[in-house]
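Residue-level structural notes
Now for the letters of each chain:
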Amino acid sequence: MQGLELSRRYYEEFGLPMIKEQFAEFENRIAAGLAGAGSDCFGFDDEISRDHDFGAGFCLWITDEDNELFGFELARAYSRLPKEFMGVEKGKSNYYANSRYGVKTIGDFYLPLTGKRGAPETVWEWLNIPEHSLAAAVNGCVFRDDSGEFTKIRETILCGMPEDIRLKKLAARAAIMAQSGQYNFPRCTAHGEIGGAALAVSEFVKSTISLVYLINGKFAPFYKWALRGMKELEIFSEFAPVLTEILTEDYSGTEEKQAKIEKICSAVADYFRQSGLSRSASDFLEPHAYEIQNKIKDINIRTLHIMEG
């Protein structure tokens, strides 16, 4: 059983009854679920990943005001829940520290992920917060949130990225894909600089992954889960195995590797044209990057370096 389902069952069997019996007057003000750091919050956990930071548990999110009112008592009640569930040891929780499980304020949950006690507010915050942090802020599952306070922030992060920032990130990813995969990779291999070629391939793959998630309206998770997560996306999920091949194949078949890079870039260029983001007829992605950037309305964002974002 994966962590999210284990968490839900533990909450339903022990957490919910505890809240109903001991905190009935506050029941509709306590959000419950599992989200944040960890492969289990993305549904990617397996036997190997359970060797650290894994346990039976769930999160209870409350407002700052409710934390003053009953937070400590709620945390004490959570600490008394069974130390083992379905053969899995209960995960560690600490009311005074940022832990994966247990009671925490809504603001304390989002602070390490967004740098704020909630969602990004300015275009610069949206531009600079790492995508993997935003992914961790909206992953997992909320089992209950009657007040909607916790979920409102999740939905703002998931759906609230300003269009100018989305365009800037798409332009930056396309520019780096062109520079690293279409231009520098073949030049490095021609010079015999295999290390440089490997770095170029890495930059190409990272930018392609981010671009695909952005196209799908999602945030790329931490790099070790990004390719796995791509397989579940609606648009360009077929890139995941090809990108894996580009990364892992040796450099004796450079022409084949380059052909795969060009095929991906051609498909992305077609997408840009069909979606109205660019009119360039080229399969080289750099002109598409500039056309996309020119659609940005905010001059301060539009005049940033093409690869920034």
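Quick caveat: nothing in here was measured; it's all calculated off a predicted structure. Residue numbers restart at each chain and count upward from 1, following the sequence in its written direction. Restriction of local features to residues with pLDDT of at least 70 applies here, the model being predicted, together with a cutoff of 80 or more for giving and counting side-chain atom pairs; totals for whole chains, interfaces and linings are based on all residues. The side-chain numbers reported here are obtained from all heavy atoms of the structure, hydrogens and water having been left aside.

For salt bridges, the criterion is a side-chain nitrogen of Lys or Arg within 4 Å of an Asp or Glu carboxyl oxygen. In total, this model carries 19 salt bridges according to the counting rule given. Across the pair Lys20 and Glu27 runs a salt bridge, and its minimum N-O distance is 2.8 Å. The classification of residues rests on relative accessible area computed with a 1.4 Å probe and restricted to protein chains. Under 20% of the type maximum is buried, over 50% is exposed, and intermediate values are partly exposed. Of the residues examined, Glu27 reaches a relative accessible area of 14% and is grouped as buried. Between Lys260 and Glu249 there is a salt bridge, with its nearest N and O atoms 2.7 Å apart. One end of the pair, Lys260, is in helix α12 (residues 254-274); the other, Glu249, is in the loop between α11 (239-248) and α12, and 11 residues separate them in sequence. Connected through salt bridges with shared partners, the residues Lys20, Glu27, Arg144 and Asp146 form a single ionic network. Comment: elements are numbered from the N terminus, with helices defined as DSSP H or I runs of at least four residues and strands as E runs of at least two.

All right, on to the side chain of Glu27 then. Structurally, Glu27 can be placed in the loop between α1 (3-22) and β1 (31-34). In the analysis that follows, any N or O atom pair within 3.5 Å is treated as a polar contact, provided that within protein one partner can donate a hydrogen and the other can accept it, and provided that, for residues neighboring in sequence, both atoms belong to side chains. In this structure the side chain of Glu27 is engaged in a polar contact, spanning 2.8 Å, whose partner is the side chain of Lys20. Note on contacts: a residue pair qualifies if any of its non-hydrogen atoms lie within 4.5 Å across the two residues. Sequence-distant contacts of Glu27, that is, excluding residues within four places in its chain, are made with Leu16, Ile19, Lys20 and Arg144.

A separate point is the environment of Phe26. Tracing the sequence through the fold places Phe26 in the loop between α1 and β1. Not counting residues up to four positions away in its chain, the partners in contact with Phe26 are Leu69 and Phe70.

Of note in the backbone geometry, Met86 takes a positive phi value of approximately 50 degrees without being a glycine. What makes Met86 partly exposed here is its relative accessible area of 47%. A positive phi angle is found at Phe236, which is not glycine, with a value near 65 degrees. Taking relative accessible area as the criterion, Phe236 reaches 9% and is therefore assigned buried.

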